[in-house]
Amino acid sequence: MENNTEQIKKVIFSGIQPSGDLTLGNYLGALKNWVKLQDDYDTFYCIVDLHAITVKQEPKNLRRRTLELLAIYIAAGIDPEKNTMFIQSHVPAHSEAAWLLNCNTYVGELSRMTQYKDKSSKYGNSISAGLLNYPVLMVADILLYQADLVPVGKDQKQHLELTRDIADRFNKAYSHTFKIPEPYIPENGTKIMDLQEPNKKMSKSSDNPNSFILMMDPPDIIRKKIARAVTDSIGEVKYSDEQPGVKNLMTILGALTGASMEQLEQKYLGQGYAQFKKDVAEAIVAELEPIQNKVKDLLENKTYLEEIYKKGAEKANYVAIKTLRKMQKKIGLIQK
Ligand code: ATP
Ligand code: LTN
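The following refers to the structure shown. Computed from a predicted structure; not experimentally measured.

Attention shifts here to helix H7 (residues 114-123). Since the α-helix turns once every 3.6 residues, residues separated by three or four places project in the same direction. Those residues of H7 that sit buried are Gln115, Tyr116 and Ser120. End-on, the buried residues of H7 take up no more than an arc of 115 degrees, which puts them together on one face. The inward-facing, buried residues of H7 abut helix H6 (107-111), helix H8 (129-144) and helix H9 (157-174). Just downstream of H7, Gly124 is the residue with a positive phi angle, here 55 degrees.

This is how it looks when you write it as structure tokens:
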């Protein structure tokens, strides 16, 4: 009986790049929601190191961040017994499938992607071909596991649409091979904005440290950054597009405490921003401090982390290779 329930669980796949230290945006937009899904789904949570190298990475930082990201996954509550956590480059099927899918993708589709346009304008003349092909590797990640759902922040919706298009095109060209995945975008906390320029998303690759909160920022730094967060001269805690800074802080507080925007408007009615900002800072500290302590403990135990990523890669490899073989066969490659 137990096996039966295992089999009908839907599959979830998601990943984060070890391209910088994680922000509160990554936590509220991705990780926190992943934790809620682990009991009801068959979940694969990947550390997408091959995506990270589409822009320049210092090798020693990449190594440090990859392990730290695994520790953060676990400390945030992703249980190694219930989930498959692994490092993308440990499962060669991802790169192999990405090549096959690249040959079924149009350059026009890729050059239209918002993330590509944003990042390529930032990096000017030194844009790697990897940056253009980035979404195809993401398509491979998802399709190899026949994922039903892909929990991501709003900013990744376009990549998910591309995934569906490519899967559908492949299925039509070579007969049914892939499940068509759905994006799974949570209601609250979907997009956390930059604390200094609240019309931009909070990004770990921003140059101004006051614009983001890092998951590993010490409590005092968190308090300072929130105190400095841009608001406005209206002086009312109101969830309105005219007050993007306040709106963003409300989103953060709501995502952390479960309070609705109306409840927050009521609570701070006629009080200005001082107490509100203090409460936002304390809610962040209360959430992140225990996670930070666990991350530090986990990083002291490299053998344990190694055990988890090795076991994860083994499980992931088993699933991924089955889909890869199917793809190769349908395309007309001779099986060895
Ligand atoms: P970069 O900021 O360097 O472009 P990123 O943080 O957007 O990178 P990832 O590390 O791959 O990219 O993001 C991991 C997950 O975090 C994705 O699901 C993404 O949607 C989510 N995410 C990232 N930033 C935010 C944000 N500001 N608000 C909500 N979710 C976010
Ligand atoms: N591009 C994603 C990271 C990512 C991903 C994936 C997310 C790479 N492969 C597969 C979901 C599923 C981003 O968030 N920047």
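Okay, back to it.
Attention now goes to the site of ligand 1. Not every one of the 19 residues close to ligand 1 is listed here, only the nearest: Asp155, Ile192, Lys201, Ser203 and Lys204. Within the backbone of Gly25, one N or O atom sits 3.2 Å away from a nitrogen atom of ligand 1. Within the side chain of Lys201, an N or O atom sits 2.4 Å from an oxygen atom of ligand 1. In the complex, 95% of the free accessible area of ligand 1, which totals 600 Å², lies under the protein chains. Here the shell around ligand 1 gets 4 residues from one element, more than from any other, and that element is helix H2 (residues 24-37).

In this section: the environment of Lys119. Note on placement: Lys119 falls in helix H7. Judged by its relative accessible area of 23%, Lys119 is partly exposed. Between the C-alpha atom of Lys119 and that of Leu132, which follows or precedes it by 13 residues, the distance is 9.7 Å. Leave out the neighbours within four places in its chain, and Lys119 touches Gln17 and Leu131.

Basis of the calculations
- Residues numbered from 1 in each chain as written.
- Chains lettered and ligands numbered in written order.
- Predicted model: local features only at pLDDT ≥ 70, side-chain atom pairs only at ≥ 80, totals over all residues.
- Heavy atoms only, no water.
- Buried < 20%, exposed > 50% of the residue type's maximum accessible area, 1.4 Å probe, protein only.
- Helix = DSSP H or I, 4+ residues; strand = E, 2+ residues; numbered from the N terminus.
- Arc of directions from axis to C-beta.
- Contact = heavy atoms within 4.5 Å.
- Near = heavy atom within 4 Å.
- Polar contact = N/O pair within 3.5 Å; in protein donor to acceptor, adjacent residues only side chain to side chain.
- Areas by Shrake-Rupley, 256 points an atom, 1.4 Å probe, with all protein chains shown as cover.

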